[in-house]
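Results of the structural survey
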Amino acid sequence: MKRVGKPVFFVVAILIVAFLVTSLFGIHTTYGDRTDVYIKGGSDIRWGIDIRGGVEVTFTPPEDVDATETQMRAAEAVIEQRLITLNITDSEVYTDYNRDRIIVRFPWKEDEADFDPQAAIAELGETSRLTFREGNETDAEGNPSGVTAENIILEGSDVEEASAYYDPSTQTYGVSLTLSESGTEAFAEATTRLAESSGVISIWMDNTMISYPNVNDPITNGQASITGNFTAETAQQLADRINSGALPFALETANYSTIDPSLGTGALEVMILAGIVAFVLVGAFMIFMYRLPGVVAVIALMGQLALSVAAVSGYFPFVSSFTLTLPGVAGIILAIGMGVDANVITAERIREEVRSGKSIDGSIELGYQRAFAAILDGNMTVVIVAIILMGAFGPPSSIFARILNPLFFLFGSTLAGTVYSFGYTLLVGVIGNFIFGILSTKLMLKSISRFKAFRKLKLYGGER
């Protein structure tokens, strides 16, 4: 039986409390009108249309384009994927094929203060058309000119996938590209020709150049990479913009309007208050019923709650902020409920071992061993469900979607965003349950049980 040092309880508990405080309130400084955000908190969560409202915008093809139904479907699919890529999971996309209109509804950004519809629409990349062009020649206004204007090497539809990566050998970030068959041939010809003079292939969103890497070697296998002075965030941003650029034509904004929330901030405040009251009541019940294991369980639940908030607020720099809607909140509540269930099972097993005459150390060790199988089975079934929801209703480029693509044909559903949000928060919560509800509680309980003041059997469920 491996012993855990006495300080472990305090170290883990302090880390959990610090994680909870920073995830809820974030870390930022304000100087005059300027606010620098170092760590995002609960106030940076992007709330859904039902809670905070949003914008409705109508997109149309240019006047000189007579779009076919197939092209309109392709544009609709790209907009839906772009919304989910930006973690905007509460959105609606409708297409009027007769009048060539695409109507999109989505929530305000988390930092939106003046509710400017034009700024919100710009977040979608202004539905630009992606092109890869030879050279980086521009005119006085920054538009492509000369060779760059005349030579389009790839369209957005030629890129099957773009993803950010980290190279540990050079300690640099980059963006990898996977091209289609037609894109591979065109790119091979261009890179073979440009590699001789270390030429440039620039990447454009409409008439805005977003990157202009040099060609160092011929690329003939359809697998390219873009390197430079990237950070993890800028590499991911470029990958997202490339992934969302496969429009058959550039869309124009016909009109837009604001959407009032159906619930509003008042309902949000009531929901938060109800959650606090529920957490306090559940914590009091756990402590009353299971004594010291109950206290440890409450601390662990704080950590699980902190992880759920951090996963949607943008707390981690490698995870973008997520749109939190009522289904997403339901996923958090369900996952925390499973965390309570895991702690109840463990505490009951510990109490049974204590009452059967075993020592405190032996009861803790056996309690966790014998409860783990039941907890694992219950949580793994939920993980499977969450993965299915994220795969069936999430971005087609995600790993879960690729795994489930041969089995499910639900992509593009109007419920995709909300169902994906539910699966996401549920999966994060279950992961938090394993980290905090099992690993952290075991470390804390084995640590605190070494103090003489906590060596009384009644603290673990023994007879009073």
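Residues numbered from 1 in each chain as written. Predicted model: local features only at pLDDT ≥ 70, side-chain atom pairs only at ≥ 80, totals over all residues. Heavy atoms only, no water.

**Comments concerning the sheet that holds strand β5 (residues 92–96)**
Whenever strands of a sheet pair, they do so through backbone hydrogen bonds, lying parallel or antiparallel. As summarised here, the arrangement of the 4 strands in space is β5-β6-β4-β14, forming an open sheet in which the pairing is antiparallel. Looking along the sheet, the strands with just one partner apiece sit at the ends: β5 and β14 (252–259). Here the strands of the sheet are splayed against their neighbours by 15 degrees on average, with no regard to which way each runs. Inspection of the sheet shows strand β4 (residues 54–60) paired to strand β6 (residues 101–107) by 6 bridges, in the antiparallel sense. Pairing of Val55 across the sheet is with Phe106, part of β6. (Pairing = 2+ DSSP bridges. Helix = DSSP H or I, 4+ residues; strand = E, 2+ residues; numbered from the N terminus. Axes fitted to C-alpha atoms, helices over the stretch in contact; angles between N-to-C directions.)

**Points about the packing of aromatic side chains**
In total, this model carries 7 aromatic pairs according to the counting rule given. Ring geometry for Phe19 versus Phe316: centroids 6.3 Å apart, planes at 50 degrees, classification tilted. One end of the pair, Phe19, is in helix α1 (residues 7–25); the other, Phe316, is in the loop between α9 (292–313) and β15 (323–324), and 297 residues separate them in sequence. Measuring from centroid to centroid gives 5.1 Å for Tyr315 and Phe316, while their planes differ by 80 degrees, and the two rings are edge-to-face. On the basis of relative accessible area, Tyr315 is assigned to the buried category, the value being 17%. In this structure, Lys6 packs its charged tip against the face of Phe451, placed 5.2 Å from the ring centre. (Phe/Tyr/Trp six-rings, centres within 6.5 Å; stacked < 30°, edge-to-face > 60°. Buried < 20%, exposed > 50% of the residue type's maximum accessible area, 1.4 Å probe, protein only. Lys NZ or Arg CZ within 6 Å of the ring centre and 35° of its normal.)

**With respect to the side chain of Ser363**
Assignment of secondary structure puts Ser363 in helix α11 (residues 360–393). On the basis of relative accessibility, which here comes to 0%, the residue Ser363 falls in the buried class. Separated by 2.7 Å, the side chain of Ser363 and the backbone oxygen of Ser359 make a polar contact. Not counting residues within four places of it along the chain, the set of residues in contact with Ser363 comprises Ile350, Glu353, Val354 and Lys358. (Polar contact = N/O pair within 3.5 Å; in protein donor to acceptor, adjacent residues only side chain to side chain. Contact = heavy atoms within 4.5 Å.)

**Structural notes on empty space enclosed by the protein**
It is a probe the size of a water molecule, rolled over the atoms, that shows where empty space is left. Taken as a whole and assessed by the stated rule, the structure comprises 1 cavity of 30 Å³ or more. Its volume calculated, the largest cavity comes out at about 60 Å³. Along the walls of the largest cavity sit Met286, Pro293, Val296, Ala297, Asn343, Thr346, Ala347, Ile350, Tyr368, Thr441 and Leu445, which together make up its complete lining. For the lining of the largest cavity, the leading source of residues is helix α10 (residues 326–355), giving 4 residues. Taken together, the residues of the lining of the largest cavity sort by class into 8 nonpolar, 3 polar and no charged. (1 Å grid on protein atoms, 1.4 Å probe; cavity = no way out; pocket = protein on both sides within 12 Å on 5 of 7 lines; lining within 4 Å. Points joined across faces, edges and corners; volume = space filled by probe spheres on them. Nonpolar A, V, L, I, M, F, W, Y, C, P; charged D, E, K, R; others polar.)

**Details of the packing of α10 against α11**
Here α10 crosses α11 at 150 degrees, and the two axes come no closer than 8 Å. In terms of axis orientation, α10 runs roughly antiparallel to α11. Crossing handedness for the pair α10 and α11: right-handed. From α10, Met338, Ala342, Ile345, Thr346, Arg349, Ile350, Glu353 and Val354 reach across to α11, where they touch Ser363, Ile364, Leu366, Gly367, Tyr368, Arg370, Ala371, Ile375, Gly378, Asn379 and Val382. Among the residues forming the contact of α10 with α11, the class breakdown is 11 nonpolar, 5 polar and 3 charged. (Parallel < 35°, antiparallel > 145°, perpendicular 65-115°, else oblique. Left-handed = near helix turned anticlockwise from the far one by under 90°.)

**Overview of the pattern of salt bridges**
In this structure the tally under the stated criterion is 13 salt bridges. The closest approach of N and O atoms between Glu353 and Lys358, which form a salt bridge, is 3.2 Å. Looking at Lys358, the relative accessible area reads 33%, which means it is partly exposed. Sharing partners across several salt bridges, the network here consists of Arg349, Glu352, Glu353, Lys358 and Arg370. (Salt bridge = Lys/Arg side-chain N within 4 Å of Asp/Glu carboxyl O.)

**Some thoughts on the sheet that holds strand β9 (residues 159–167)**
Read from one edge of the open sheet, 3 strands run β9-β10-β13, paired in antiparallel fashion. The open sheet is flanked by β9 and β13 (223–227), the only strands paired with a single partner. Ignoring strand direction, the axes of neighbouring strands in this sheet form an average angle of 25 degrees. As paired strands, strand β10 (residues 172–179) and β13 are joined by 5 bridges and run antiparallel to one another.

**Here we look at α9**
Spanning 22 residues, α9 covers 32 Å between terminal C-alpha atoms, matching the ideal 32 Å at 1.5 Å per step. Most of α9 sits inside the fold, with 19 of its 22 residues counted as buried. At the exit of α9 stands Gly314, carrying a positive phi of roughly 85 degrees. (Expected span 1.5 Å × (residues − 1).)

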